[in-house]
Amino acid sequence: MARRWMLPILFLLIGLAMALKQVSTGSGGAGVALGLVFVLLGVALSPLIFPRSISAAEARRRSAADGRPIVYWRPGCQFCLRLRVRLGSAASRAHWVDIWRDPDGAAAVRAVTGGDETVPTVVVAGQPHVNPDPGWLRRQLIG
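The following paragraphs examine the structure supplied in this document. (Residues numbered from 1 in each chain as written. Predicted model: local features only at pLDDT ≥ 70, side-chain atom pairs only at ≥ 80, totals over all residues. Heavy atoms only, no water.)

1. Looking at the overall build of the protein chain
- Across its full length, the protein chain holds six helices and four strands.
- Starting at the N terminus, the α and β elements of the protein chain follow one another as α-α-α-β-α-β-α-β-β-α.
- A principal-axis box enclosing the C-alpha atoms of the protein chain has dimensions of 60 × 30 × 25 Å.
- Considering only intrachain contacts with a sequence separation of at least 6, the fraction spanning at least 24 residues in the protein chain is 66%.
- Looking at the protein chain as shown, the accessible area adds up to about 7,900 Å², and 61% of this sits on carbon and sulfur atoms.
- Seen as two clouds, the 17 positive and the 8 negative side-chain charges of the protein chain have centres 8 Å apart. (Helix = DSSP H or I, 4+ residues; strand = E, 2+ residues; numbered from the N terminus. Contact = heavy atoms within 4.5 Å. Areas by Shrake-Rupley, 256 points an atom, 1.4 Å probe, with all protein chains shown as cover. Lys, Arg positive; Asp, Glu negative; His and termini not counted. Charge placed at Lys NZ, Arg CZ, Asp CG, Glu CD.)

Shown next as C-alpha cells:
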C-alpha cells in the first residue's frame, strides 16, 4: 500500500518545500503556482485517477463473462497515466488490475513479458498487448 503512494507523496513534499522557499523570498504568487503544479502532478501520479482496481482472478472472470479487456497497471507509471488519460471515460469499460496490489496480476504480466513487469499490459480477447497504442485500445472499448 505504501509503495503506491510514495511517488505522489514525494511530489507533494517537494512541491511544498519549493513553494515555501518561494514564499519566504517574497514571491508568494510564484510559490502558490509552483505548489499547485506539484499538487496536480502528485494527483496525476496517484491511484486516484484510475478506475477502481480488482484482483486479476476477478478481472479474468469478469472479462470471460463480458468480453471486456483487462488492463494491468501500477501507480506512478507514465505510460499507464498516458493510457488512462487518452481513454477518457472509456476507461471504465475495462477491468483494471493494479499489479502492486495483486501478486497474481504481477505474475500474469511477467508471464507475457518475459519476466518483466512492463505495464500497461492489456489483454483483449485472451491476447496480451504490452504498452498498446491508446487509440487502438479506445477503439476496442468503444466499438
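On we go.
2. Focus: the nonpolar core
- The biggest cluster of nonpolar side chains holds 26 residues, and the ones touching the most others in it are V71, Y72, L83, L87, W96, V119 and L137.
- At the level of elements, α3 (56-66), β1 (70-73), α4 (78-87), β2 (95-98), α5 (103-112), β3 (121-124) and α6 (134-142) are the ones that each hand at least two residues to this core.
- Among the elements that take part in this core, β1 stands out by supplying four residues, more than any other.
- Beyond its immediate stretch of four places on either side in the chain, L83 contacts V71, W96, P120, V122, P134 and L137. (Core = buried A, V, L, I, M, F, W, Y, C linked by side-chain atoms within 4.5 Å. Buried < 20%, exposed > 50% of the residue type's maximum accessible area, 1.4 Å probe, protein only.)

3. Some words on the packing of α4 against α6
- Where α4 meets α6, the closest approach of the two axes is 9 Å, and the angle between their N-to-C directions is 45 degrees. Between α4 and α6, the angle is such that the two are oblique. Between α4 and α6 lies a crossing of right-handed hand. Facing α4, whose interface residues are R82, L83, R86 and L87, α6 presents P134, G135, L137, R138 and L141.
- Residues of the contact of α4 with α6, tallied by class, amount to five nonpolar, one polar and three charged. (Axes fitted to C-alpha atoms, helices over the stretch in contact; angles between N-to-C directions. Parallel < 35°, antiparallel > 145°, perpendicular 65-115°, else oblique. Left-handed = near helix turned anticlockwise from the far one by under 90°. Nonpolar A, V, L, I, M, F, W, Y, C, P; charged D, E, K, R; others polar.)

4. Notes on the pattern of salt bridges
- Applying the stated criterion across every chain yields a total of three salt bridges.
- Between E58 and R61 there is a salt bridge, and its shortest N-O distance comes to 2.6 Å. Linking E58 with R61, this pair stays in helix α3, spanning three residues, or about one helical turn.
- A relative accessible area of 21% means that E58 is categorised as partly exposed.
- Close ionic contact of E58 with R62 constitutes a salt bridge, the shortest N to O distance being 2.7 Å. With E58 and R62 both in helix α3, this residue pair falls four residues apart, about one helical turn.
- You can call R62 partly exposed: its relative accessible area is 30%.
- A single network of salt bridges, built from pairs that share partners, joins E58, R61 and R62. (Salt bridge = Lys/Arg side-chain N within 4 Å of Asp/Glu carboxyl O.)

5. Quick look at helix α2 (residues 28-44)
- Relative to the 24 Å expected for 17 residues at 1.5 Å per residue, α2 spans 24 Å between its end C-alpha atoms, a close match to the ideal helical length.
- All of the buried residues along α2 are G31, G35, F38 and G42. Down the axis of α2, the sector holding all buried residues measures 70 degrees, keeping them to one side. Within α2, the exposed residues directed more than 90 degrees away from the buried face are G29, V32, L36 and L40. (Expected span 1.5 Å × (residues − 1). Arc of directions from axis to C-beta.)

6. Focus on the side chain of D98
- Within the secondary structure, D98 is located in strand β2.
- Note on D98: relative accessible area 1%, which makes it buried.
- At 2.9 Å, the side chain of D98 forms a polar contact with the backbone nitrogen of W100. (Polar contact = N/O pair within 3.5 Å; in protein donor to acceptor, adjacent residues only side chain to side chain.)

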